[in-house]
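Analysis of the macromolecular model
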Amino acid sequence: MKLDNLIKMANQIGAFFEAMPDRAQAVKDVAKHLMNTWDPRMREQLLASLGTEEEGKLKPLVRDALATLGRSESGR
Amino acid sequence: MNAYVKACGETDFGTPQKVPEGTQSAGAGGLCMSGTPLRGQATAILEIDGVSVTVPAGTSLMRAAAEAGVMVPRLCATDSLEAFGSCRLCLVEIEGRRGFPASCTTPAEAGMKVRTQSPQLAKLRRNVMELYISDHPLDCLTCSANGNCELQTMAGVVGLRDVRYGMTGVNHFTDSVTDDSNPYFSFDPGKCIVCNRCVRACEEQQGTFALTISGRGFESRVAAGQSESFMNSECVSCGACVNVCPTATLMEKTVIDKGQAEHSVITTCAYCGVGCGFRAEMQGSDVVRMVPWKDGRANEGHACVKGRFAWGYATHPDRVTKPMIRAKITDPWCEVSWEEALRHTASEFRRIQAKHGRNSIGGIVSSRCTNEEGYLVQKLVRAAFGNNNVDTCARVCHSPTGYGLKQTLGESAGTQTFKSVEKSDVIVVIGANPSDGHPVFASRLKRRVREGAQLIVIDPREIDLVNSPHIKAAHHLKLKPGTNVAVLSAMAHVIVTEGLLDEDFIAERCEDKAFADWREFVVRPTNSPEALEGASGVPAAEVRGAARLYARAGNGAIYYGLGVTEHSQGSTAVIAIANLAMATGNVGREGVGVNPLRGQNNVQGSCDMGSFPHELPGYRHVSDTLTRELFERDWGVVIQPEPGLRIPNMLDAALDGSFLGLYCQGEDPAQSDPNTTHVTAALAAMECVVVQDLFLNETAKYAHVFLPGASFLEKDGTFTNAERRISRVRRVMTPLTGMADWEVTMALSKALGYEMHYAHPSEIMDEIGRLTPTFAGVNYEKLDAAGSLQWPCNDDAPEGTPTMHVGQFVRGKGRFLITQYVPTDEKITRRFPLLLTTGRVLSQYNVGAQTRRTANADFYGADLLEIHPHDAEERGIRDGDRVGVESRVGSTTLPVSITERVQPGVVYTTFHFPESGANVVTTDNSDWATNCPEYKVTAVQVSRLVGA
Ligand code: SF4
Ligand code: SF4
Ligand code: SF4
Ligand code: FES
């Protein structure tokens, strides 16, 4: 799938949760949203962008959320 | 024959049922805040023809008599309309009173002794009847109403034997001219008895005010509009007038053609989310007419032009009735047997899975299909395909509703019944156009507004409700497309900063911390109406006025539609709506609530049935082990714990080569989904596309297998409307294809090696009830007994749940969520300076596959682009010109209608006709939470076509 599109969608999720006052909770909520609604192949592709120059396109909140998922292959 | 299949005809009680005093809502001012009705039901005990009867005070004598089993002759009265008292046929005698009062307009009082029959009454009635008949053509034997004519019946009842005045004097029938302009009914003024029923139906039931009685005395005649033809008048062809006409004056053309029906079957409309009940009147397996069902709780005897008249597509010659296959989409179709089509499909799907993995195929089920069909498709995908790649077209309309309401209130569904609007004091309509999209609900809403409720419309366009006969919105917040969240947050700001919160409700029923966070957010100056005025285009004073009106409503109800959900912030806007309702205590009783107006007949149902890639039936996540185990035990398979692909993801995955097989039941993504070029490229990239539909739709152009589908008239099953009301759909004709849709899914599953065993859709519902707590009490027997049931229906609520969240939210405490306005990426630029938004018209339905194949095309035969005079002038565009519409993803051409309904900078169109390609220009921008496409905002340029 187009990585740019996945990044855009992930950043949109980030934009909703960015407004929440508790950042740690927001990181968890972004991660949970990705886990609950994204097919694993989409998550895996997005995770693979971590550590590449594409990572810079991610909102910091999304990057942090992905990092928590990154501990297992697709997060679960 | 059961109670729902019977000989034609319904009981007419003469005048409407009286609601016992004290059970109606208090007016604006808020006496209903306690949420419980006022007590006390005044009744009257009286005697009619010696029979004692008890009725609510204020009931007419005619109705009281009917309750006592006595039918008083009548012509101008019918129980769907307020009594009028013009025909003088219903006279009675009351002991101790002089004269002969009309029973339809005289209220019952305690102690009355009423006689409905006496020699004097008989004489009076015969005289009245004689006058009517002397001005009526006596062609009863060849009249279309023969067998169902109230005039004829009443002449019989009163014993009319001769007419002294002869038929040769001045009359209305000799030179009368029939108005056949409406495609569905005719108006033969020669048979009119000027009973005024039609005029009242158009006013009271429909709220269109298209008919009047022109002239006086003998000259008085029914006239449409300013004595125009029906077709040229304001008439919207709802058929209410036809339904109440006691003679053949207003008559369905199908009845004129075919004659009266011999039996009828109760079923449910398959168009919009109102879910009107209908009596299909039949001659054998031939539909004669569809008559709105009086006992249908969603519609209470009313209908719109689609359900009432636009059913002819079911037998349209374009119907494909034989399965077909082809190797390549460029090959011609080849008719095959069902066995071969299904064997071929199964082998293709298995081949693709063997090569590309289990997750390389999936299914889409339409929200037009029944609950049982939807349930089976998700079962097929989960059990036979072995993955969770199942989605429904609710994805592209109301998926944000599911998400937003679940997060805040705890259940992915609307909170009320439609009837609840009768108790609303202030009604907010956001991003919905009920008079076109949900016409029967609009009629109820308009009626309530005529009774005095106030209306707030939030919409970029001036929809009919803003200003129509006897309706004027108190506020129209004419916002720029894409700024719902800004306006809703600004309303919240006003409510909090001006002390309009329902603090007690919040303290008792909502989460403290979440509320405190939300409160801190909305009071920020950046959320004030003044600060957001620039973004939304709505004057701050209007936002303040609307917020105050809603917050002080007493009973404030919000109704919303796709103008809320189909945005990049669709889910956020749904959350913002729920926030407003909680903040003002407007949840958990009649007259209030958060009410999504669902586009299609079974959007609610298809979501309930687990047609989402992340949820099993009853909105339970696939990662939930206990739920999965429940289904695994029942189905004997392993269910994947990871969410599957949503429709837009399926299309993206097709283009990257990881999704290659699709079973598409009743859906037409090539026309209905945004960015057509992208959709068709994805479909073309797949190796096996299976389309199951009535017609060769746009998607079928990319299909390798075509499985013919059945229309709602050929189905047994259930639909769930926007009120969570589950209603039966009953088969009135056998499937033209030889197989019901659920049987096809079952056969496909068998061909894939997973056998399902159902003898009837009722057994599918039994399984749904067994596995889904909110449906535990639903079965066909109970549905037959109750007429319809609103889920949750289980041991806790055996009769169903009309109003949700009473006393407590489904999730326990209500949860406020912060709704930061994030402008859409779809921005106007110098190259694309206008915002295109989309909607639909009354007479056409979505992609038009059905309505285009009916005479509804006479009302709206092509999509139009609405443009403001200012924008038109700037571009040298004249009304009716064909213009080019170009967006970042594509371009199309459309004829133009210049109108001030749209604001400068905004253009609007519908998407009913494939040739207009509205979705060629819409983009793949989507809602952040659910991927619901942002159909409502596309930056475009509009230009005059050279040579046009
Ligand atoms: S058209 Fe029918 S309903 Fe209307 S006034 Fe004439 S008879 Fe009555
Ligand atoms: S069809 Fe409906 S809108 Fe038209 S005149 Fe009759 S009641 Fe009025
Ligand atoms: S309002 Fe909706 S459900 Fe009712 S008749 Fe019209 S299309 Fe059918
Ligand atoms: S039915 Fe009562 S006056 Fe006509």
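Above this text sits the structure in question.
Let me sum up the structure you'll find in this document. (Residues numbered from 1 in each chain as written. Chains lettered and ligands numbered in written order. Predicted model: local features only at pLDDT ≥ 70, side-chain atom pairs only at ≥ 80, totals over all residues. Heavy atoms only, no water.)

Side note on the site of ligand 3
All names here are of chain B.
- Taken together, Cys269, Tyr271, Cys272, Val274, Gly275, Cys276, Phe278, Cys304, Lys306, Gly307, Pro439 and Val440 make up the full set of residues adjacent to ligand 3.
- Of all the secondary-structure elements, those providing two or more residues to the shell around ligand 3 are α7 (305-309) and α12 (439-450).
- Class assignment of the residues belonging to the shell around ligand 3 gives a composition of nine nonpolar, two polar and one charged. (Near = heavy atom within 4 Å. Helix = DSSP H or I, 4+ residues; strand = E, 2+ residues; numbered from the N terminus. Nonpolar A, V, L, I, M, F, W, Y, C, P; charged D, E, K, R; others polar.)

Structural notes on the sheet that holds strand β34 (residues 882-887) of chain B
Residues and elements named next belong to chain B.
- Pairing within the closed barrel is mixed, and its six strands lie in the order β32-β36-β33-β35-β34-β37. When strand polarity is set aside, the average angle formed by the axes of neighbouring strands in this sheet is 45°.
- Direction of pairing for β34 relative to strand β35 (residues 891-898): antiparallel, over a ladder of five bridges. What sits directly across from Val883, in β35, is Leu894. (Pairing = 2+ DSSP bridges. Axes fitted to C-alpha atoms, helices over the stretch in contact; angles between N-to-C directions.)

Let's talk about the interface of chain A and chain B
- Each partner contributes residues to the interface: chain A has 24 residues there, and chain B has 31 residues.
- The largest per-residue losses of area from chain A upon contact with chain B belong to Met1, Phe16 and Arg41 of chain A, which jointly make up 27% of the total buried on that side.
- Linking chain A to chain B there are two salt bridges.
- For Arg43 of chain A, the salt bridge identified is with Glu642 of chain B, shortest N-O distance 2.8 Å.
- Summed over the shared surface of chain A and chain B, the result is eight residue pairs in polar contact (both at pLDDT 80 or more).
- In terms of residue class, the side of chain A that touches chain B is built from 13 nonpolar, six polar and five charged. (Contact = heavy atoms within 4.5 Å. Buried area = accessible area lost by both parts, 1.4 Å probe. Salt bridge = Lys/Arg side-chain N within 4 Å of Asp/Glu carboxyl O. Polar contact = N/O pair within 3.5 Å; in protein donor to acceptor, adjacent residues only side chain to side chain.)

Regarding the site of ligand 1
- Taken together, 13 residues are adjacent to ligand 1, and Cys192, Cys195, Asn196, Cys198 and Cys245 of chain B come closest.
- A per-class count over the shell around ligand 1 returns nine nonpolar, three polar and one charged.

Topic: the state of the cysteines
- Considering all chains together, one arrives at zero disulfides over all chains under this definition.
- In this structure Cys143 of chain B is a free cysteine whose sulfur lies 6.1 Å from that of Cys149 of chain B, the closest cysteine sulfur available. (Disulfide = S-S within 2.5 Å.)

Topic: the packing of helix α13 (residues 484-497) of chain B against helix α17 (residues 540-551) of chain B
Residues and elements named next belong to chain B.
- Running from N to C, α13 and α17 point in directions that differ by 65°, and their axes come no closer than 9 Å. Relative to α17, α13 is oriented so that their crossing is right-handed. Residues Val487, Ala490, Met491, His493, Val494 and Ile495 of α13 form the contact with α17, whose own contacting residues are Val543, Arg544, Ala546, Ala547, Arg548, Tyr550 and Ala551.
- Of the residues in the contact of α13 with α17, the class split is ten nonpolar, one polar and two charged. (Left-handed = near helix turned anticlockwise from the far one by under 90°.)

Examining the packing of aromatic side chains
- Going through the model one piece at a time under the given rule, you end up with 24 aromatic pairs over all chains.
- Between Phe16 of chain A and Phe17 of chain A the ring centres are 5.0 Å apart and the planes differ by 90°, which places this aromatic pair in the edge-to-face class. By the burial criterion, Phe16 of chain A is buried, and Phe17 of chain A matches it.
- Here a set of aromatic residues connected by ring pairs shows up, and it is made of Tyr184, Phe185, Phe187, Phe230, Phe309 and Phe859 of chain B.
- Note that Arg461 of chain B overlies the ring of Tyr908 of chain B, its terminal NZ or CZ placed 3.8 Å from the centroid. (Phe/Tyr/Trp six-rings, centres within 6.5 Å; stacked < 30°, edge-to-face > 60°. Buried < 20%, exposed > 50% of the residue type's maximum accessible area, 1.4 Å probe, protein only. Lys NZ or Arg CZ within 6 Å of the ring centre and 35° of its normal.)

What about the environment of Ala581 of chain B?
- Turning to its location among the elements, Ala581 of chain B is positioned in helix α19 (residues 570-583).
- For Ala581 of chain B, a relative accessible area of 0% corresponds to the buried category.

Comments concerning the pattern of salt bridges
- Summed over all chains, the structure comprises 58 salt bridges over all chains.
- Across the pair Arg63 of chain A and Glu55 of chain A runs a salt bridge whose closest N-O atoms are separated by 3.7 Å.
- Each of Glu252, Arg279, Glu281, Arg289 and Arg308 of chain B takes part in one network of salt bridges that share partners.

A short note on helix α4 (residues 60-69) of chain A
Residue and element names in this part refer to chain A.
- Within α4, burial applies to Leu61, Val62, Ala65, Leu66 and Leu69. Taken down its axis, α4 places every buried residue within 130° of arc, on the same side.
- Each element contacted by the buried residues of α4 is listed here: α1 (3-18), α2 (23-37) and α3 (40-47). (Arc of directions from axis to C-beta.)

Quick notes on unusual backbone geometry
Residue and element names in this part refer to chain B.
- For the bond running from Trp791 to Pro792, omega is -5°, close enough to zero to count as cis.
- Within the element layout of this structure, Pro792 appears in the loop between β31 (788-790) and β32 (834-839).
- Here Arg724, not a glycine, exhibits a phi torsion of approximately 65°, which is positive.
- Inspection of the secondary structure assignment puts Arg724 in the loop between β29 (717-720) and β30 (725-729).
- Taking the relative accessible area as the measure of exposure, Arg724 reaches 0% and is therefore buried.
- Backbone geometry at Asn931 places phi at a positive 65°, although glycine is not the residue there.

Some words on the environment of Asp673 of chain B
Residue and element names in this part refer to chain B.
- Note that Asp673 resides in the loop between α23 (669-672) and α24 (676-685).
- Residue classification places Asp673 among the buried residues on the basis of a relative accessible area of 3%.
- C-alpha separation for the pair Asp673 and Pro648, spaced 25 residues apart in sequence, amounts to 8.7 Å.
- Apart from the residues within four sequence positions on either side, Asp673 is in contact with Val396, Ile647, Val679, Asn919 and Tyr935.

Focus on the packing of helix α21 (residues 625-635) of chain B against helix α26 (residues 761-771) of chain B
Residue and element names in this part refer to chain B.
- Where α21 meets α26, the closest approach of the two axes is 11 Å, and the angle between their N-to-C directions is 145°. The chirality of how α21 crosses α26 is right-handed. Between α21 and α26, the contacting residues are Leu630, Phe631, Asp634 and Trp635 on the first element and Glu767, Arg770 and Leu771 on the second.
- Split by residue class, the contact of α21 with α26 holds four nonpolar, no polar and three charged.

Concerning the environment of Thr417 of chain B
All names here are of chain B.
- The topology assignment puts Thr417 in the loop between α10 (399-408) and β17 (426-430).
- Note on Thr417: relative accessible area 10%, which makes it buried.
- Taking the C-alpha atoms as reference points, Thr417 and Gln790, 373 residues apart in sequence, are found 8.6 Å from one another.
- Thr417 has contacts with Glu723, Arg725, Gln790 and Pro802, leaving out every residue within four places of it along the chain.
- Here the side chain of Thr417 touches Ser420 through a polar contact of 3.1 Å, landing on its backbone nitrogen.

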